[in-house]
Amino acid sequence: DHTEARKRVDTLLEQVLQSKPTIPDFHDSAPKPEILNGLLEELVEIDQFYAVLVIREYETILSTLNKSGDEIVAFQQLLKPYSCSAFKQLGSIANIILDEYGWPGEAIGPKASHNLWLLFQHQDEHIEWQKKALRHMYTKLQSGHVSKSDYAYLFDRVAVNEGGLQRYGTQLESCGIKPVEDEERLDERRATMSLPPIAEYLASTINCRGHSSQTQ
């Protein structure tokens, strides 16, 4: 029954939204440097709430909704405006931090760099933000203040979002990788960015077992 199905979807959405975290407001001024590490940790927790909610609680959702997938799709569609709004707010704060302090260096530490990267990685609706972050990351790459694998993931994300070929094979679809340049030398390029061989990477995901575990 369509009415009952919609009730189940609405009930689950209500439960999710009741537990959603509050996003800090920094529209008037940049956060103080001494709170950056803690703030970025908090922002990433919020990011992950939306980015992995359906994936990590997949079995719970399947037990609540019908296994044909119709209700799951409906739930995802209803959740999307909330997740897109949250990602945009998180991206705005990430941009404020980037404009005020540049990319985190040695003084703030590698965890801050990784957390800031993750916030930009999920800005698919704002490719210019991703490209700006990528430029900043590139300047820190050789000094070791940016993870090579983080840079590779964002590089590929931007390439795919612009309709191009990815370079390092980090972005997946179904049980494989999205189109990649010079596929024969893919593992060579992955090695230079501290990434495992593509076969090992694919084997480590859930994609080939029916779901995707990729949150990056």
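Just so you know, these numbers come straight off a predicted model, no measurement behind them. (Residues numbered from 1 in each chain as written. Predicted model: local features only at pLDDT ≥ 70, side-chain atom pairs only at ≥ 80, totals over all residues. Heavy atoms only, no water.)

## Section: the side chain of D150
Phase 1 of the analysis: Among the structural elements, D150 can be located in helix α8 (residues 148-161).
Phase 2 of the analysis: Within the buried core, D150 has no salt-bridge partner, and the shortest N-O distance to an opposite charge, that of K111, equals 11 Å.
Phase 3 of the analysis: Residues in contact with D150, not counting those within four places in the same chain, are H114, W117 and M137. (Helix = DSSP H or I, 4+ residues; strand = E, 2+ residues; numbered from the N terminus. Buried < 20%, exposed > 50% of the residue type's maximum accessible area, 1.4 Å probe, protein only. Lys, Arg positive; Asp, Glu negative; His and termini not counted. Salt bridge = Lys/Arg side-chain N within 4 Å of Asp/Glu carboxyl O. Contact = heavy atoms within 4.5 Å.)

## Things to note about the nonpolar core
Phase 1 of the analysis: In terms of nonpolar packing, the biggest core is built from 52 residues, with F75, W103, L116, L119 and Y151 touching the most fellow members.
Phase 2 of the analysis: Where this core is concerned, the elements lending two or more residues are α1 (2-18), α2 (36-51), α5 (70-101), α6 (110-121), α7 (127-141), α8 and α10 (198-203).
Phase 3 of the analysis: Among the elements that make up this core, the one with the highest residue count is α5 (9 residues). (Core = buried A, V, L, I, M, F, W, Y, C linked by side-chain atoms within 4.5 Å.)

## What about the confidence of the model for the protein?
Phase 1 of the analysis: The predicted model of the protein has a mean per-residue pLDDT of 84, with 84% of residues at 70 or higher.
Phase 2 of the analysis: Between the elements of the protein, mean pLDDT differs from a low of 61, seen in helix α3 (residues 53-56), to a high of 98, seen in helix α9 (residues 186-192).
Phase 3 of the analysis: The model gives residues 209-215 a pLDDT under 50, and that stretch makes 20 contacts with residues more than four places away or in other chains. (pLDDT = per-residue confidence, 0-100.)

## Quick notes on the packing of aromatic side chains
Phase 1 of the analysis: On inspection of all chains with the given rule, the structure shows 7 aromatic pairs.
Phase 2 of the analysis: Aromatic pair Y50 and F87: ring centres 6.4 Å apart, planes at 70°, arrangement edge-to-face. Of this pair, Y50 sits in helix α2 while F87 sits in helix α5, and the two are 37 residues apart along the sequence. Across the pair, F87 and Y50 agree in class, each one buried.
Phase 3 of the analysis: On the numbers, 5.8 Å between centres and 70° between planes, the contact of F155 with Y168 is edge-to-face. Residue F155 is found in helix α8, and its partner Y168 is found in the loop between α8 and β1 (172-173); the two are separated by 13 residues along the sequence.
Phase 4 of the analysis: Residue class for Y168 comes out buried when judged on its relative accessible area of 7%.
Phase 5 of the analysis: Members of the aromatic cluster, joined through ring pairs, are Y138, Y151, F155 and Y168. (Phe/Tyr/Trp six-rings, centres within 6.5 Å; stacked < 30°, edge-to-face > 60°.)

## So, α8
Phase 1 of the analysis: With 14 residues, α8 should cover 20 Å at 1.5 Å per step; its first-to-last C-alpha distance of 20 Å lies within 8% of that length.
Phase 2 of the analysis: Within α8, 11 of the 14 residues are buried, leaving the element largely enclosed by the surrounding structure.
Phase 3 of the analysis: Within α8 the residues assigned to the buried category are S149, D150, Y151, A152, Y153, L154, F155, D156, R157, V158 and A159.
Phase 4 of the analysis: Contact partners of the buried residues in α8: α6, α7 and α10.
Phase 5 of the analysis: Once α8 finishes, G163 follows within two positions and takes phi at roughly 80°, a positive value. (Expected span 1.5 Å × (residues − 1).)

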